[in-house]
Amino acid sequence: MIKEKVRQFVIVALQKGQKDGIFPEFDYSKILITRPETKEHGDFSTNLSFLLSAQFKINPVALANNLVEVFLETDKEYQMFEKIESINGFINFRLCKDIYFKELKEILRKKNRYGDSLFGKRKKVQVEFISANPTGPLTVGNARGGPFGDCLANILQKSGFISQKEYYVNNSGNQIAILGHSVLKDELSEYKGEYIEELHKENEEKDPDKAGKLAAKMIIDRYIRKTTDRMNIKYDKWFFEEELHRSGKIKQIINILTDKGYTYLKDKAFWFRSTDFGDERDRVLIKKDGQPTYLAADIAYHLNKFQERGFDKVINIWGADHYGDVAGLKAGVSAIGFPDQLEIILLQFVTVIKDKEVIKMSKRTGTYITMDELLDMVGSDAAKYFFLSRGADTHVNFDVDLAKQRSEANPVFYIQYAYARICSVLKKTGIVSSRFNPALLKENIELELLKELAVFPDIIEDVARTYQVQKLPQYVLELASIFHRLYQDCRMIGEDKQLTRARLNLIKATRIVLKEALYLMNISAPKKM
RNA sequence: GUGCUCGUAGUUUAAUGGACAAAACACUGGCCUCCGGAGCCAGGAAGUGCUGGUUCGACUCCAGCCGAGCACACCA
């Protein structure tokens, strides 16, 4: 990664300066290497002088000037930079073009493995997402976690983790009984909607529990799975809660917690002392009617994840309505000996607006917009891009009436168009020799594209580190934009054979990165549109 | 009432405490005898809910207030 090379250079130069007695000891981990917003500020810049000035009470601007001299001196040996200068206390670096030319060859050589890293150290990580209750079709709100979890798992895999995708099916407990009653349409019926009508017609069971279980199975197969299939999400495993009850795992977890002394009996219920692990109140494991709670099953489920299946890390992507459960489950996971290995990402709710009114989503009242309806309206790629490009904490607004109209202008098509254009040019020219002289790429826009391509590995690692998935769609949009500008300004296939070959290799590299980024987002990369 | 999340151009969203707040859509004007016009160029448009504070520097951190969503179960 080019950014890391810059960081290493800065550290080496600093150490040299310290040896010469120019600078005092300093914590290098605080050094920030960033890409400036404007090109005039170079390829990378550092806040180093501000850090040092705060710590040692020196004027940052003067310090920056000194640092530049030290850097320039060090660079005589390394020959990495075209320009190092200080502006307003920032130190800006412009790298030699050779570095980028080498990176271009690297992309062409590594192909779709460009951006792969060992960041994850082959640790096993599980990403669990959507996991909506099997009591109805996926709503737009439920489905937000789909693209997010899918993309995050893909990026973690690319970053050297062994990642798996899982859907947890809560096919036990009260809600399944209620679903049964709803299918039977008796006086305890609650869920409403077309799918209930359909299940009601087909149902032959008399017993509400059995009817509910069967209905849940059908809802998974017929509705939920169909929707995840339409989004092309491939789960490694669908885990059924029922399994935990059947195999006695819940009893086991209660025994484990009891043996460790974290449980007690109160008001005829059996409690988990979760306050020992930072929770604000204790939680019930077994209700006074003898039935285990959802939490008991969930802790058992996580014991299975960590102990039986050996995941080093588990990332659960939940809707924000489950906020109240986070502390309880984290306490449970800590109690069974896996503290700090569970991450829970909460996705804020999607507000659906129709006819300028906010629709309250509820499967019980039957008012909701299903993900399938959204997919019918805008298609899978546009829907995925829409959700992916927003941060987890954002309260997304989704206007159904604008969806269709907006979808035609969805940036995803702009990105796919860039990909299709490249494919079209390369199809026209046939096989392109990989022997070319990158130094012929002299136009500013060519260099700009080259620099943007070289950022891809940074973006991947950044997402793997922060889970800020929206950085990837943003990056690809920028990349596509630079390509379109290049395409407008420069002829790819021209008189000059050498230049043509260099340019074709440049767009070949662009195609590699675009394709990989689209793959990670699970968005299609059409050769023709 | 308490806790969590959020409040940024007309709209939908970006912005590890860093440079003049960035894009897309919409709007206005322009660009193909030439590799795909689903494209390109130019322009107007917010100073980040409000009031203070911390800092060399705040959309970002802190306090208070206003507004929105969610949660505060022996439901899942």
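Parameters at a glance
Residues numbered from 1 in each chain as written. Chains lettered and ligands numbered in written order. Predicted model: local features only at pLDDT ≥ 70, side-chain atom pairs only at ≥ 80, totals over all residues. Pairing = 2+ DSSP bridges. Helix = DSSP H or I, 4+ residues; strand = E, 2+ residues; numbered from the N terminus. Axes fitted to C-alpha atoms, helices over the stretch in contact; angles between N-to-C directions. Core = buried A, V, L, I, M, F, W, Y, C linked by C-beta atoms within 7 Å. Buried ≥ 20, exposed ≤ 12 C-beta atoms within 10 Å, placed from the backbone. Contact = placed C-beta atoms within 7 Å. Domains from an automatic or database assignment. Near = placed C-beta within 6 Å. Nonpolar A, V, L, I, M, F, W, Y, C, P; charged D, E, K, R; others polar.

On the basis of which strands lie adjacent, the open sheet formed by 3 strands has the order β8-β9-β10 and antiparallel pairing. Since the sheet does not close on itself, it has two edges, and those belong to β8 (263-266) and β10 (283-286), each with one partner. For this sheet, the mean inter-axis angle between neighbouring strands, taken without regard to orientation, is 45°. Summarising the sheet, β8 and strand β9 (residues 269-272) pair through 4 bridges and their orientation is antiparallel. Looking across to β9, one finds that Lys266 is bridged to Ala269.

The 5 strands lie next to each other as β7-β6-β5-β11-β12, forming an open sheet whose pairing is parallel. Two strands in the sheet have a free side with no partner beyond their single neighbour: β7 (237-240) and β12 (342-347). Looking at each pair of strands side by side, their axes are set apart by 25° on average, direction ignored. The pairing of strand β5 (residues 124-128) with strand β6 (residues 162-169) spans 5 bridges and is parallel. For Gln126, the partnering residue across the bridge sits in β6 and is Gln164.

Counting 136 residues, the largest nonpolar core has Phe148, Cys151, Ala300, Leu472, Val513 and Leu514 as the members making the most contacts within it. A per-element tally of this core places helix α20 (residues 497-520) first, with 11 residues. Apart from residues lying up to four places away in sequence, Ala300 is in contact with Leu244, Lys249, Ile250, Gln252 and Ile253.

What follows deals with the domain arrangement of chain A. Domain annotation of chain A identifies domain 1 (2-95), domain 2 (124-347) and domain 3 (410-520). Relative to domain 2, the C-alpha centre of domain 1 lies at a distance of 50 Å.

This part takes up the protein's contact with RNA strand B. Around RNA strand B lies a shell of 70 residues, among which Leu32, Ser45, Gly173, Asp267 and Gly324 are the nearest. Where the surface near RNA strand B is concerned, the elements lending two or more residues are α2 (48-56), β4 (90-95), α7 (174-184), α13 (323-335), α17 (411-429) and α19 (471-489). Ranked by the residues each element gives to the surface near RNA strand B, the list is headed by α17, at 9 residues. Grouping the constituent residues of the surface near RNA strand B by class yields 26 nonpolar, 29 polar and 15 charged.

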